[in-house]
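Notes for the structure review
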Amino acid sequence: MMKLLFPALAPFLAMAVPAAAQAPAPAAEPFILAFGDSLTAGYGLGRGLGFAPQLQAALRRHGIAATVHDAGVSGDTTSGGLARLRWTLDGLQRKPDLAILELGANDMLRGVDPALAERNLDAMLTEFAKRDIPVVLAGMLAAPNLDPRYRAQFDGMYPRLARKHGATLYPFFLQGVVGNRALILSDGVHPNFEGVKRIVTGILPTVQRALPKD
C-alpha cells in the first residue's frame, strides 16, 4: 500500500453526501457550477461555510452578482464524476455560464491509474464543450512521496487537458493550504473555514477572468 502525504486519508474516501440545492440565478447574473469532491462540497463545515458559498460571497464583494451552485460529492473520483455529470447538468434549471471542474484527488489517494483519471476528465471536458459551457479546470498535485513516474503522469494531465480543450487552468486547488495545520480540520486533510477562504482568495482572479464577458 502506498504511503501518502497526509496523516489521515479516510475522510477523502467518505461516503457521498448530497450537495445542498441552490436556486438558479436570474438570467442576468452569472451562474457557476462547482463540480467536484469533498473539497468543493465543504466537508466538515457548517452550512454556508464551504467553497461554493464562500466563492459566491467573494464574487459579490467584487461586484459580480453570481450564484455558485454546489455540485460537490464527498469521496467522488473522476469515474464517479463522469457517471453523474450528464444528469447533473440536465437537472439544472439553467445552463451554467461557467463550470469549475475539481476532481482527481481521490483517484490519486486510491492509486488509480492516472491514464484512467485523464480519460475521465477528458470525457467530462468534452461534455462541457458539447454544451458550450466554459470550464476552469482545478488541478491537483500527487503526494511527493509517490512514485516519480506516477507523479509526473498525474500532475501533467491537468495542463495537457486544459490545452486540449481550451479550458482555463488553475494549477493547484489546494495552493497555500497543504502543509499549513492552521488551515486544515482536525482530520489532517480537509480545509477548515480559513482554509477554504485561502482557496477562494487564490482561485478568485482566475474565475473572474474565465467568466464570459457581455
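Let us look at the structure shown here. (Residues numbered from 1 in each chain as written. Predicted model: local features only at pLDDT ≥ 70, side-chain atom pairs only at ≥ 80, totals over all residues. Heavy atoms only, no water.)

Quick notes on the overall build of the protein chain
Within the protein chain one finds 7 helices and 5 strands. Secondary structure of the protein chain in N-to-C order comes out as β-α-α-β-α-β-α-α-β-α-β-α. A buried classification covers 52% of the 214 residues belonging to the protein chain. The contacts of the protein chain with a sequence gap of at least 6 include a subset with a gap of at least 24, amounting to 81%. Carbon and sulfur atoms make up 56% of the accessible area of the protein chain, which amounts to about 9900 Å² in all. (Helix = DSSP H or I, 4+ residues; strand = E, 2+ residues; numbered from the N terminus. Buried < 20%, exposed > 50% of the residue type's maximum accessible area, 1.4 Å probe, protein only. Contact = heavy atoms within 4.5 Å. Areas by Shrake-Rupley, 256 points an atom, 1.4 Å probe, with all protein chains shown as cover.)

A look at the pairing of strand S1 (residues 31–36)
The buried count for S1 comes to 6 of 6 residues, which makes it a mostly enclosed element. Here 6 bridges tie S1 to strand S2 (residues 67–72), and the two strands are oriented parallel to one another. Paired with Ala 34 across the bridge in S2 is Asp 70. Relative to strand S3 (residues 98–102), S1 runs parallel, the two being bridged by 5 bridges. Bridged to Ala 34 within S3 is Ile 100. (Pairing = 2+ DSSP bridges.)

Digging into the packing of aromatic side chains
For the structure shown, the criterion picks out 3 aromatic pairs. With centroids separated by 5.2 Å and ring planes inclined at 65°, the aromatic side chains of Phe 51 and Phe 173 adopt a geometry described as edge-to-face. On the criterion of sequence distance, the pair formed by Phe 51 in helix H2 (residues 51–61) and Phe 173 in the loop between strand S5 (168–170) and helix H7 (193–210) is long-range, its members being 122 residues apart. With relative accessibility at 0%, the residue Phe 51 sits in the buried group. Judged by centre distance (6.3 Å) and plane angle (10°), the ring pair of Tyr 150 and Phe 154 falls under stacked. Taken together, the residues span about one helical turn, with Tyr 150 and Phe 154 both in helix H6 (residues 148–165) at a distance of 4 residues. Both residues of the pair, Tyr 150 and Phe 154, count as buried. Site record: aromatic cluster; members linked through ring pairs are Tyr 150, Phe 154 and Tyr 158. Sitting over the ring of Phe 35, Arg 84 keeps its end group 4.1 Å from the ring centre. (Phe/Tyr/Trp six-rings, centres within 6.5 Å; stacked < 30°, edge-to-face > 60°. Lys NZ or Arg CZ within 6 Å of the ring centre and 35° of its normal.)

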